[in-house]
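Examining the three-dimensional arrangement
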Amino acid sequence: MEKFAVGLDVMITNTMGALPQIGVGVLILVIGGFIIKSFLRGLRNRFEKKNMEKSLRGFLLSIIQASLYVLLLLTAASTMGIQTTSFLTIFASAGLAIGLALQGSLSNFAGGVLILLFKPFKVGEYISNPAGTEGTVDKIDLLYTTLTGPTGLKIYSPNGPLANSVITNYSDIASRRYDFVVGISYDANIKVAQTVILEALAKDDRVKQDPLPLVYVNSLADSSVNLNVRVWMERANYWDTVFAIQQLVKNALDTANIEIPFPQRDVHIIDDKHIRD
C-alpha cells in the first residue's frame, strides 16, 4: 500500500511539473489548427480562381491538409516531451513499403497529376497517341483517363504511359488542314483539272479561302498524274467537309470529262508467225 502511495505521489508530481509543457502543447494545437484552416480556406479560393480541375484540387488540398496536421501533432507532441523519433521511423517504413507495392499505380498517379496540372487536353477534346489510344476524353481521374473511341467503345488509358507519350490534340485548334490525292489521266490537261477542282471547292462555303486551297502535281505514277489537293476548314466542320468535298471533286471531274484512271497494265501480243517472217 505504501508503494502504491509513493508511486501515486511521484506520478502527481511529474504531472504537475509537466503541466506547463502540456499547456503549451495544447495551445500549439489550438492555434495551429486555426492557422491551418485559414490557410486551407485561402488555398481553396486560390485554386478556384485558377480554374484548377476539381479532382486535382481536392487531392492537393487533402495531401496538404494531412501533411500540415501531422506536422502540427508532431510539434505539439515534441513540446509536451513525447519522443517522436519512433513515430517518424514507423511513417518512413510504411511509406517505403507502400511505394514498393504500388509502383505501377504511383506512376499512373503521377501521370494523372501532370495531366491535370499542365492540361495537354481537357474533357470533351479528341486526342490520340502513338500507342493507338484515340477518342474523345470523357473523364480525367488521377489514375486513368476515360475516352470514347470512334466506334463508341470506352477506352480506359493509364495516365502514366499517356502522360509520357506524344499526345495529338485535334480539338485544341480553330482550323484544320486536309490533304487528299486525285489521279487524272495522262491525256488530261493538268491546268484544266486544277481549275475544275478549285472551282468545285469554291462552291462549298465550309472550305476556307484564307489560306487558299492548293492543287499541285504530287507525283507521276504508273497509271495517273497524281494531284495533291490541300484545303483548310473549321475544326467543328472537319469530317462533314472532308466527306463532302471528295464527292464534289469527283462529280466536277466527271462533268468536265476528266478521267480518273484505275491501275492498269498494257500487254502487247506478238504473233509468232510475224516474228518468223
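The structure contained in this document is the topic of the report that follows. (Residues numbered from 1 in each chain as written. Predicted model: local features only at pLDDT ≥ 70, side-chain atom pairs only at ≥ 80, totals over all residues. Heavy atoms only, no water.)

We now examine the sheet that holds strand E1 (residues 126-128). Taken together, the five strands give an open sheet; going across it, the order is E4-E3-E2-E1-E5, and neighbouring strands pair in antiparallel fashion. Of all strands in the sheet, those bounded by a partner on one side alone are strand E4 (154-158) and strand E5 (168-169). Bridge count between E1 and strand E2 (residues 134-140): three bridges; the pairing is antiparallel. Bridge pairing in E2 places Ser128 opposite Glu134. (Pairing = 2+ DSSP bridges. Helix = DSSP H or I, 4+ residues; strand = E, 2+ residues; numbered from the N terminus.)

Moving on to the side chain of Ser128. Residue position: Ser128 is located in strand E1. Looking at Ser128, its side chain comes within polar contact range of the side chain of Tyr170, at 3.2 Å. Look past the residues within four positions of Ser128 in its chain and what remains in contact with it is Thr133, Glu134, Val166, Ile167, Thr168 and Tyr170. (Polar contact = N/O pair within 3.5 Å; in protein donor to acceptor, adjacent residues only side chain to side chain. Contact = heavy atoms within 4.5 Å.)

Let's shift gears to the nonpolar core. If you look at the biggest cluster of nonpolar residues, it comprises 24 residues, and the most contacted ones within it are Tyr178, Ile197, Val229, Val231 and Ile245. Contributions of two or more residues to this core are made by strand E6 (175-184), helix H6 (190-202), strand E8 (225-234) and helix H7 (238-255). Considering each element in turn, this core owes the most residues, six residues, to H7. Setting aside residues no more than four positions away along its own chain, Ile245 makes contact with Tyr178, Phe180, Leu201, Asp204, Val207, Val231 and Met233. Grouped together as the second largest cluster of nonpolar side chains are eight residues, Ile115, Ile127, Ile140 and Leu162 included. (Core = buried A, V, L, I, M, F, W, Y, C linked by side-chain atoms within 4.5 Å. Buried < 20%, exposed > 50% of the residue type's maximum accessible area, 1.4 Å probe, protein only.)

This paragraph deals with H7. Taking 1.5 Å per residue, 18 residues should reach 26 Å; H7 reaches 26 Å between its end C-alpha atoms and fits that length. Within H7 the residues assigned to the buried category are Tyr238, Thr241, Val242, Ile245, Val249, Ala252 and Leu253. On an axial view of H7, the arc spanned by its buried residues comes to 105 degrees, and they lie on one face. The outward face of H7, more than 90 degrees from its buried face, is lined by the exposed residues Trp239, Asp240, Phe243, Gln247 and Thr255. At the C-terminal side of H7, Asn257 shows a positive phi close to 60 degrees. (Expected span 1.5 Å × (residues − 1). Arc of directions from axis to C-beta.)

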